Amino acid sequence: MASSATTRCFFSPFNVSAFSCIYLLIPFYLMESKQMGKKLNNGFAAVKPNLTEKCTINRRTGCIKARAAVNTIETVNSPSDYPSFQTESQQDDTPASKVQYWLELADPDFYRMGFVRSMRAYGVEFREGPNGFGVYASKDIEPSRRAKVVMEIPLELMLTISQKTPWMFFPDIIPVGHPIFDIINSTHPETDWDLRMACLLLYAFDHDKNFWQLYGDFLPSVEECTSLLLATEDDLKELHDENLASTMRKEKARAQEFWEKNWVLFCDIFITLISKKLHFVSMFIFLQHSAMPLKVKRLARDSERFIWAVSMAQTRHINFRIRVGSLVQDANIFAPYADMLNHSCQPNCFFHWRFRDRMFEVMTNAGQRIKKGEEMTVNYMSGQRNNMLMQRYGFSSLSNPWDVLPFSGNARIHLDSFLSVFNISGSHADYYHNTKLANEGDNFVDGAVLAAARTLPTWSEGDIPPIPSLEIKAVKILQEECQQILAQYSTTSKQDQHILDSTPEMSWTREAAIKYRLHRKLFVEKVIEALDIYQDRILF
Ligand SMILES: C[S@@+](CC[C@H](N)C(=O)[O-])C[C@H]1O[C@@H](n2cnc3c(N)ncnc32)[C@H](O)[C@@H]1O
């Protein structure tokens with residue numbers, strides 16, 4: 001089936017000399033890494049939150065990190081200098097605006113890797129925060145009428161494959177006739193993009209002098225990745241969402257089957273041959289005719305390695321339309337450095353393809369102000385509920401404006417009244433909190449209230465005004481439905497929070513699963529609270 005004749009370089013041969021200047025990687029990185037990432041003898045970064053904080057072990061580095069409010073920062077020498085870390089549930093109710101996290105600067109090597117054209121970045125730095133590595137503003141970014149470029153990643157540092165056949169790769173690291181191509185060619189163009197990307201990533205790790213051999217050191221390990229593909233059966237049970245758990249079991253089985261089909265077959269037969277003590281000549285003949293030579297097997301010797309690669313593909317790849325010359329391609333892309341951006345439903349950055357010189361850009365939104373130290377984010381999946389974020393990326397959002405509740409009764413509230421009570425403007429698909437209308441310091445309206453406006457059953461008939469007594473009756477029924485949803489869970493939100501606070505050594509997947517069900521409950525509770533506020537305000 002596979003024909004190497006169908007392998008093609010994605011783009012016409014790239015004239016490296018035209019771009020052969022090696023850009024100097026942003027000097028402030030190095031300056032900053034000297035100042036802020038002060039490494040002490042024992043390798044611990046020199047920051048210490050004040051001692052009222054709840055702290056946890058940072059699993060990627062083994063350092064201790066603060067999860068709650070940090071008002072002062074002092075220098076410490078080692079974790080033993082943290083005598084009174086509290087691991088009990090969080091007592092302090094410092095407003096979110098005051099909460100800072102201990103952010104550890106990325107390893108300086110992260111910035112130094114350069115191949116032909118390097119990645120360039122302006123006014124950003126990579127730090128480890130509460131959601132793993134992230135990108136943070138290293139200086140104030142003032143709002144401007146045009147979007148500003150903050151990162152440029154040249155095409156040759158990315159791993160790219162076309163979404164449809166004939167497969168086109170860039171860089172064209174897969175040689176004609178290589179068996180990994182046959183494996184890729186056996187995938188379904190519509191559905192198996194993650195399996196293809198996993199093969200490409202594993203191949204790049206094995207490819208001599210490939211940039212990804214270095215960059216791979218900065219990817220999360222099996223223990224550090226939140227993807228539910230790497231979750232245990234017990235973790236999946238903690239989701240308290242059987243549909244999602246069963247989807248993840250199927251996804252995992254699919255990756256496992258693919259690995260068995262393409263990797264295990266050979267070693268099984270090989271082991272059989274050895275166990276039968278066949279002559280080495282027969283082995284040689286077998287090797288000649290085997291579909292899966294040893295050089296492919298070493299890319300993923302065990303299924304865990306392959307499933308890890310699939311989870312990297314699912315959590316880090318970007319779907320993007322890119323144009324090179326006159327060729328426009330829908331491609332699946334691993335974009336180094338840009339894949340360190342975390343998600344937000346209200347992102348301050350977006351991606352852009354600059355075809356002129358084949359650069360993948362990260363840009364700040366036009367008119368966006370970003371303060372020094374603020375996280376820079378993109379929206380991974382607009383319009384998707386938390387279960388979809390969880391399925392693909394292994395995290396959920398506390399205030400996802402697209403979350404939905406399954407109301408089933410006939411009770412309805414008046415849409416325009418609800419929107420005006422919370423100063424929500426825009427059309428259904430673009431609801432936003434109109435802060436110009438809101439009172440100063442009113443922090444109640446967030447993504448969850450926007451989601452409530454979308455998911456609560458509502459009515460609207462021209463100019464007919466609501467009748468308060470009927471609205472209050474509807475509110476009561478809807479709140480009862482919310483209480484029934486909460487009652488279906490075996491734990492309360494407080495209990496979930498306590499589990500999270502009291503078990504800092506929990507695996508990343510377990511933590512993500514518990515947060516998922518916690519976020520669901522907090523969303524339902526927020527809807528109940530919003531309905532309370534609505535009925536109070538509609539009376540006056
Ligand atoms: C593209 S990577 C972003 C970089 C990643 N934080 C890292 O450490 O390399 C996507 C992963 O980051 C984490 N992540 C991104 N946005 C998040 C968010 N808003 N909340 C929690 N975790 C998030 C999840 O683990 C997700 O699978």
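Residues numbered from 1 in each chain as written. Predicted model: local features only at pLDDT ≥ 70, side-chain atom pairs only at ≥ 80, totals over all residues. Heavy atoms only, no water.

## Considerations on the domain arrangement of the chain
Here comes step 1: Annotation of the chain at the domain level lists domain 1 (95-155 + 335-393), domain 2 (159-318) and domain 3 (413-537).
Here comes step 2: Residue-level contacts link 19 residues of domain 1 with 23 residues of domain 2.
Here comes step 3: In total, domain 1 and domain 2 occlude about 2,000 Å² of area from one another, counting both sides; carbon and sulfur atoms represent 68% of this.
Here comes step 4: Run the count over domain 1 and domain 2 and you get one salt bridge.
Here comes step 5: Between Asp-339 and Arg-316 there is a salt bridge; the shortest N-O distance is 3.1 Å.
Here comes step 6: Inspection of the region where domain 1 meets domain 2 yields six residue pairs in polar contact (both at pLDDT 80 or more).
Here comes step 7: For the side of domain 1 that touches domain 2, the secondary structure elements donating two or more residues are α2 (109-112) and α11 (386-393).
Here comes step 8: Among the elements that make up the side of domain 1 that touches domain 2, the one with the highest residue count is α11 (five residues). (Domains from an automatic or database assignment. Contact = heavy atoms within 4.5 Å. Buried area = accessible area lost by both parts, 1.4 Å probe. Salt bridge = Lys/Arg side-chain N within 4 Å of Asp/Glu carboxyl O. Polar contact = N/O pair within 3.5 Å; in protein donor to acceptor, adjacent residues only side chain to side chain. Helix = DSSP H or I, 4+ residues; strand = E, 2+ residues; numbered from the N terminus.)

## Regarding the layout of surface pockets
Here comes step 1: By volume, the second largest pocket amounts to about 420 Å³.
Here comes step 2: Only α7 (242-275), α11, α14 (468-487) and α16 (508-538) provide two or more residues apiece to the lining of the second largest pocket.
Here comes step 3: For the lining of the second largest pocket, the leading source of residues is α11, giving four residues.
Here comes step 4: Of the residues belonging to the lining of the second largest pocket, the class tally is seven nonpolar, eight polar and five charged. (1 Å grid on protein atoms, 1.4 Å probe; cavity = no way out; pocket = protein on both sides within 12 Å on 5 of 7 lines; lining within 4 Å. Points joined across faces, edges and corners; volume = space filled by probe spheres on them. Nonpolar A, V, L, I, M, F, W, Y, C, P; charged D, E, K, R; others polar.)

## A closer look at the pairing of strand β17 (residues 359-364)
Here comes step 1: Judged by how many residues are buried, β17 sits mostly within the fold: six of six residues are covered.
Here comes step 2: Judged by which residues are buried, β17 turns out to be covered on both faces: Met-359, Glu-361 and Met-363 on one side and Phe-360, Val-362 and Thr-364 on the other are all buried.
Here comes step 3: Pairing of strand β10 (residues 148-154) with β17, which is carried by six bridges, proceeds in the antiparallel orientation. Looking at the pairing, Lys-148 lines up with Thr-364 of β17. (Buried < 20%, exposed > 50% of the residue type's maximum accessible area, 1.4 Å probe, protein only. Pairing = 2+ DSSP bridges.)

## Some details on the packing of aromatic side chains
Here comes step 1: Per the counting criterion, the structure on display carries 27 aromatic pairs.
Here comes step 2: Between Phe-110 and Phe-218 the ring centres are 4.8 Å apart and the planes differ by 70 degrees, which places this aromatic pair in the edge-to-face class. Residue Phe-110 is found in helix α2, and its partner Phe-218 is found in the loop between α5 (211-215) and α6 (233-238); the two are separated by 108 residues along the sequence. The exposure classification of Phe-110 matches that of Phe-218, with both residues buried.
Here comes step 3: The structure contains a cluster of three or more aromatic residues connected by ring pairs, namely Phe-110, Tyr-111, Phe-126, Phe-133, Phe-211, Trp-212, Tyr-215, Phe-218, Phe-334 and Tyr-337.
Here comes step 4: Taking the ring centre of Phe-355 as reference, the NZ or CZ of Arg-323 above it sits at 3.7 Å.
Here comes step 5: A cation over a ring is seen here: Lys-526 above Phe-444, with NZ or CZ 4.1 Å from the ring centre. (Phe/Tyr/Trp six-rings, centres within 6.5 Å; stacked < 30°, edge-to-face > 60°. Lys NZ or Arg CZ within 6 Å of the ring centre and 35° of its normal.)

## What about the sheet that holds strand β9 (residues 132-137)?
Here comes step 1: The sheet built from five strands is open, its strands ordered β6-β8-β9-β18-β15 with mixed pairing. Sheet topology places β6 (104-105) and β15 (342-343) at the edges, where each strand pairs with a single neighbour.
Here comes step 2: With two bridges joining them, β9 and strand β18 (residues 375-378) adopt antiparallel strand pairing. Paired with Val-135 across the two strands is Met-376, which belongs to β18.

## Observations regarding the nonpolar core
Here comes step 1: Counting 93 residues, the largest nonpolar core has Phe-126, Met-151, Trp-212, Trp-263, Phe-306, Phe-360 and Met-376 as its most contacted members.
Here comes step 2: It is helix α4 (residues 193-206) that contributes the most residues to this core, 10 residues altogether.
Here comes step 3: Among the nonpolar cores identified, the runner-up in size contains 36 residues, and Leu-415, Leu-419, Phe-523 and Tyr-534 belong to it. (Core = buried A, V, L, I, M, F, W, Y, C linked by side-chain atoms within 4.5 Å.)

## Some remarks on the site of the ligand
Here comes step 1: Inspection of the region around the ligand gives 15 residues, with Asn-131, Phe-133, Thr-226, Asn-342 and Tyr-393 positioned closest.
Here comes step 2: Phe-133 has a polar backbone atom sitting 2.7 Å from an oxygen atom of the ligand.
Here comes step 3: With respect to the ligand, the side chain of Asn-342 contributes an N or O atom lying 2.8 Å from a nitrogen atom.
Here comes step 4: Expressed as a share of its isolated accessible area of 560 Å², the protein-covered part of the ligand is 89%. (Near = heavy atom within 4 Å. Areas by Shrake-Rupley, 256 points an atom, 1.4 Å probe, with all protein chains shown as cover.)

## Thoughts on the sheet that holds β10
Strands in a sheet are paired, the pairing made by backbone hydrogen bonds, and the direction either parallel or antiparallel.
Here comes step 1: Read from one edge of the open sheet, four strands run β7-β10-β17-β16, paired in antiparallel fashion. Each of the sheet's edge strands pairs with one partner strand only, and the pair in question is β7 (120-121) and β16 (349-354).
Here comes step 2: Alignment of β7 against β10, held across two bridges, turns out to be antiparallel. Bridging from a neighbouring strand, Arg-120 pairs with Glu-152 of β10.

## Structural notes on the packing of helix α15 (residues 493-502) against α16
Here comes step 1: Relative to each other, α15 and α16 sit at 150 degrees, their axes nearing to 9 Å. Looking at the two axes, α15 sits roughly antiparallel to α16. The way α15 lies across α16 gives a crossing that is left-handed. Contacts between α15 and α16 involve Ser-493, Asp-496, Gln-497, Ile-499 and Leu-500 from the former and Glu-511, Ile-514, Lys-515, Arg-517, Leu-518, Lys-521, Leu-522 and Glu-525 from the latter. (Axes fitted to C-alpha atoms, helices over the stretch in contact; angles between N-to-C directions. Parallel < 35°, antiparallel > 145°, perpendicular 65-115°, else oblique. Left-handed = near helix turned anticlockwise from the far one by under 90°.)

## Focus on the pattern of salt bridges
Here comes step 1: Per the counting criterion, the structure on display carries 24 salt bridges.
Here comes step 2: One salt bridge connects Arg-249 with Glu-233, and the closest N-O pair in it is separated by 2.8 Å. Highlighted residues: Arg-249 in helix α7 and Glu-233 in helix α6, separated in sequence by 16 residues.
Here comes step 3: Classification of Arg-249 as partly exposed rests on a relative accessible area of 29%.
Here comes step 4: Classification of Glu-233 as partly exposed rests on a relative accessible area of 36%.
Here comes step 5: Linked through salt bridges whose partners overlap, the residues forming this network are Asp-235, Glu-238, Asp-496, Arg-510, Arg-517 and Lys-521.

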